[in-house]
Amino acid sequence: MDQPTTDFDGAWKEALERYLEPFLALCFPQAHGDIDWTIPPQFLDTELQRVAPDEPQGRQHVDKLVRIVRRGGQDAWCWFTLRCKASATATLHSACFAITRLFDRYQRQVVNLAVLGDEEAKWQPDQFSYGLWGCRLALVFPIVKLLTFDARIR
C-alpha cells in the first residue's frame, strides 16, 4: 500500500513568514547578521509569480521571495528555495534563471538560499552553471541540508 504524500508547502511558507529571523539566524547566519531587523521583511509573492509563473509550486516545492533591508540601508531580495522531498535527480536551475529575470525586471540584488529535505547526504547541489562557446552563466548559493543539520546543532 502506498503511503500518502505529505504536503509540506503550506507549513514551510507559513514558518518562513512567521519565523524568518530565527530561521536565518539558525540556518544562514551570514545573511541574518547583514539584515536590519528593525525594518520588517516584505514577502513578494506577486513579484515571484510574475517572473516564474510556471515554476513547480505546491507539493514538496516552496519558493518564497522576500525583500529585506541590509544594515547599511541597501535593499536586497532573498529567494528561498526549499525542496522538501528533493533527490539527487532534481535540479535547482530554475533559481538561476528566475534571479536573472528578477534582476532584469526590478533592478534589485537577489540571492538564493536553499534548504534541501532529501535523504542523500552526499548530494550537495550548491551551484548551477552552463556554458557554450566561451559564454558562461553560473549561480553559486548556500544550502542547508535538513538531514545533516540535526547533527550540526547537537
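Residues numbered from 1 in each chain as written. Predicted model: local features only at pLDDT ≥ 70, side-chain atom pairs only at ≥ 80, totals over all residues. Heavy atoms only, no water.

**Here we look at the side chain of Asn112**
Relative to the helices and strands, Asn112 resides in strand S4 (residues 110–116). Here Trp79 takes part through its backbone oxygen, which lies 3.1 Å from a polar atom of the side chain of Asn112. (Helix = DSSP H or I, 4+ residues; strand = E, 2+ residues; numbered from the N terminus. Polar contact = N/O pair within 3.5 Å; in protein donor to acceptor, adjacent residues only side chain to side chain.)

**Quick look at the pairing of strand S5 (residues 127–132)**
Sheet topology places S5 next to strand S6 (residues 135–140); 6 bridges connect them, and they run antiparallel. Within S6, the position partnered with Ser129 by the bridge is Ala138. The antiparallel hairpin formed by S5 and S6 contains 2 residues in its connecting segment, where Trp133 sits at a positive phi of about 55°. (Pairing = 2+ DSSP bridges.)

**Brief notes about the pattern of salt bridges**
Scanning the model with the defined rule gives 5 salt bridges in all. Across the salt bridge formed by Arg70 and Asp34, the nearest N and O atoms sit 2.4 Å from each other. Here Asp34 lies in helix H2 (residues 29–34) and Arg70 lies in the loop between strand S2 (61–69) and strand S3 (75–83), a separation of 36 residues in the sequence. Taking relative accessible area as the criterion, Arg70 reaches 26% and is therefore assigned partly exposed. Notably, a salt bridge pairs Arg67 with Asp75, separated by 2.7 Å at the nearest N-O pair. (Salt bridge = Lys/Arg side-chain N within 4 Å of Asp/Glu carboxyl O. Buried < 20%, exposed > 50% of the residue type's maximum accessible area, 1.4 Å probe, protein only.)

**Some words on the environment of Arg67**
Mapped onto the secondary structure, Arg67 falls in strand S2. Put simply, Arg67 and Trp77 are 10 residues apart on the chain and 4.5 Å apart in space, counted from C-alpha to C-alpha. Residues within four places of Arg67 in sequence aside, it is in contact with Pro41, Gln42, Leu44, Asp75, Ala76 and Trp77. Polar contacts involving the side chain of Arg67 include one to the side chain of Asp75, which spans 2.7 Å. (Contact = heavy atoms within 4.5 Å.)

**Section: the pairing of S4**
Across the 7 residues that make up S4, a large majority, 6, are buried. One ladder, built from 3 bridges, connects S4 with strand S7 (residues 143–145); its direction is parallel. When the sheet's bridge partners are listed, Val115 is paired in S7 with Val144.

**Comments concerning the confidence of the model for the chain**
When pLDDT is averaged along the chain, the result is 78, and 74% of the positions lie at 70 or above. At the low end of the mean pLDDT range in the chain sits helix H5 (residues 146–152), at 68; at the high end sits H2, at 94. (pLDDT = per-residue confidence, 0-100.)

**Observations regarding the packing of aromatic side chains**
With the rule as written, the count across this model stands at 4 aromatic pairs. Geometrically, the ring pair formed by Phe128 and Tyr130 is tilted, given 6.3 Å between the ring centres and 55° between the ring planes. Residue classification places Phe128 among the partly exposed residues on the basis of a relative accessible area of 21%. For Tyr130, a relative accessible area of 45% gives the class partly exposed. (Phe/Tyr/Trp six-rings, centres within 6.5 Å; stacked < 30°, edge-to-face > 60°.)

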